[in-house]
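Chain and residue survey
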Amino acid sequence: MKFLALSSLILSSFLGSTCLVPCAAVADSSLSEAVPAHELSNDNKKDKPNKKNKLIRMPMRKVSDHEFVNRFLVKEREALMKLHAAAESSSVRVSPRRFLRGEELEDVSISEKKEESEIIKDYANAQYYGIVKIGTPPQEFEVIYDTGSSNLWVPEVGCVHCGYKFIHGGKNKYDPQASGSFVEDGAEFSIQYGSGAVSGVFAQDTVILAEDIDVEDQKFAIIHDAAGMGIAYTFSYFDGILGLGFDSISVGGVPTVFHNAIDQDKVEKPMFAFYLGNNADGELTFGGYDDEKFEGEELTWVPLSDATYWRINMEGVKIGLFEVGATDAIVDSGTSLITGPSKDILAIALEIGAKPTLTGQYTIDCEKVESIPDITWKIGGNDYVLPGKSLVIQSTGMCIFAMMGMDFPKPGPQWILGDVFMREYYTVFDYEAKRIGFAKAV
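Residues numbered from 1 in each chain as written. Predicted model: local features only at pLDDT ≥ 70, side-chain atom pairs only at ≥ 80, totals over all residues. Heavy atoms only, no water.

The final tally for this structure, using the stated rule, is two disulfides. There is a disulfide in this structure between Cys 159 and Cys 162, and the S-S distance comes to 1.7 Å. A relative accessible area of 11% places Cys 159 in the buried class. (Disulfide = S-S within 2.5 Å. Buried < 20%, exposed > 50% of the residue type's maximum accessible area, 1.4 Å probe, protein only.)

In structure tokens, the structure reads:
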């Protein structure tokens, strides 16, 4: 979450990403078009330096539902301890209002402008990670490929609050001295998360995606202090974030890795696509999409309402007796759950019998899972239906409702369609045409 980096993972202070800057509207979002799937040949797939390949596949590792539920329990316990601590304190600390980042907010104070860059996304709930390599020879990192943000950052050797060896073996850390292609930049980099800042400096090096795509002279951030990610970062598996949003929300206006891959002619088409395995690992493809990963022969394309985040208009949402009309959403691979306005999520929770927790999430009696009605998203004149049981993450007798309330001040989005939605629908991001393609995942 962020409007500096939006999209998430949800289970420790909300780290959002939201940086809405004015963007020219694209084609009428109320319309969508179905087009035949591209025939992507595997011929001549031989790797060639600085040559573009047809379709590059990269595995995405999925954290199990069991671990996801365990993280929830840890977060619930942490929230309870904070509640007790607050009760014993004579003063109450009020959390600052989170602003979406946007140049149009010219009348706010200096202190408010700092809050505009606050990340409201929470990567603690992240479930999918992939590999990126940086430097010469390559140094390997596990990152969240996040369509809700636009910067690449990894911890540097010597980083503080960046994990411990006895927890998942510690974090992989970038060593500038070990890379022959490293170029010093030195400009300061900082993102403000809910509990503090993640800070470091910009640097420049070769970034390699999926073994085949070597993006040269890529500007990225090396982190010196990751305290802003909270304790959840220490216990998570990912080292950093690789943003797949647009340059307009990039900290420092830095061109994204994928944008540079396009400019350097490293991908066949200016597209990437997510296939998120259900209780299995997923796959991220660059340079096109894989028509074996979805049903039928067509994708349905939906134009973006603006090119900051991957943001689209929706005609409505319906589940049971709950229904809401015209609204909008961000399609965010960095957010595990589906989020919506708090009042709407509360109404949906009451509709299905879910109960609130201290973390702001909801749980539901596992015996009720089969009776949860389907939820329908109307996008571009088409219905996108998620089975009710797909709205629950279940393990060891506990069932977590996979929708959560989150309110963004205008011009922020109303909804975030995260991994729960993307598991049901193969999702293609067309960078050049500024549109998203959907099809039912196999």
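Core analysis: the biggest nonpolar cluster contains 78 residues, and Tyr 145, Phe 286 and Trp 377 have the highest contact counts within it. Residues within four places of Tyr 145 in sequence aside, it is in contact with Met 58, Met 60, Gly 130, Ile 131, Val 132, Leu 209, Leu 242, Leu 244, Phe 274, Leu 284, Phe 286 and Ser 333. Core analysis: the second largest hydrophobic core is formed by 19 residues, Val 63, Phe 202, Ile 223 and Phe 238 among them. (Core = buried A, V, L, I, M, F, W, Y, C linked by side-chain atoms within 4.5 Å. Contact = heavy atoms within 4.5 Å.)

So, on to the environment of Lys 293. Note on placement: Lys 293 falls in the loop between β12 (282-286) and β13 (298-303). Classification of Lys 293 by relative accessible area gives buried; the value is 16%. As for Lys 293 and Phe 274, which are separated by 19 residues in sequence, their C-alpha atoms are 9.4 Å apart. In this structure, Lys 293 is in contact with Tyr 275, Glu 283, Tyr 426, Lys 440, Ala 441 and Val 442, ignoring residues within four places of it in sequence. (Helix = DSSP H or I, 4+ residues; strand = E, 2+ residues; numbered from the N terminus.)

Our next topic: the confidence of the model for the protein. The share of residues in the protein with pLDDT of 70 or more is 73%, and the mean pLDDT across the chain is 79. Long-range and interchain partners of residues 1-53, a stretch whose pLDDT sits below 50, account for 259 contacts in this model, where long-range means more than four residues apart. Scored below 50 in pLDDT, residues 90-120 shows 79 contacts in the model against residues more than four places distant or in partner chains. (pLDDT = per-residue confidence, 0-100.)

The next point concerns empty space enclosed by the protein. If you walk through the whole model with that rule in mind, you get three cavities of 30 Å³ or more. Counted as a void, the largest cavity has a volume near 50 Å³. Ser 150, Asn 151, Leu 152, Gln 218 and Lys 219 are, among the 13 residues lining the largest cavity, the residues nearest its centre. Examining the composition of the lining of the largest cavity, we find that four residues originate from one element, strand β9 (residues 213-225), more than from any other. A class-by-class count of the residues in the lining of the largest cavity yields seven nonpolar, five polar and one charged. (1 Å grid on protein atoms, 1.4 Å probe; cavity = no way out; pocket = protein on both sides within 12 Å on 5 of 7 lines; lining within 4 Å. Points joined across faces, edges and corners; volume = space filled by probe spheres on them. Nonpolar A, V, L, I, M, F, W, Y, C, P; charged D, E, K, R; others polar.)

Let us look at the pattern of salt bridges. Side chains that differ in charge, positive against negative, can pair when their charged atoms come close. Under the defined criterion, the tally for this structure stands at 13 salt bridges. Notably, a salt bridge pairs Glu 283 with Lys 293, separated by 3.3 Å at the nearest N-O pair. Within this pair, whereas Glu 283 is found in strand β12, its partner Lys 293 is found in the loop between β12 and β13, the two being separated by 10 residues in sequence. Here Glu 283 falls in the buried class, since its relative accessible area comes to 16%. Where Lys 440 meets Glu 424, a salt bridge forms, and the shortest distance between an N and an O atom there is 2.7 Å. Taken together, the positions of Lys 440 in strand β29 (residues 435-440) and Glu 424 in helix α6 (residues 419-424) put the pair 16 residues apart, joining distant regions of the chain. Residue classification places Glu 424 among the buried positions, given a relative accessible area of 12%. One connected set of salt bridges, linked through shared partners, spans Arg 57, Glu 283, Asp 290 and Lys 293. (Salt bridge = Lys/Arg side-chain N within 4 Å of Asp/Glu carboxyl O.)

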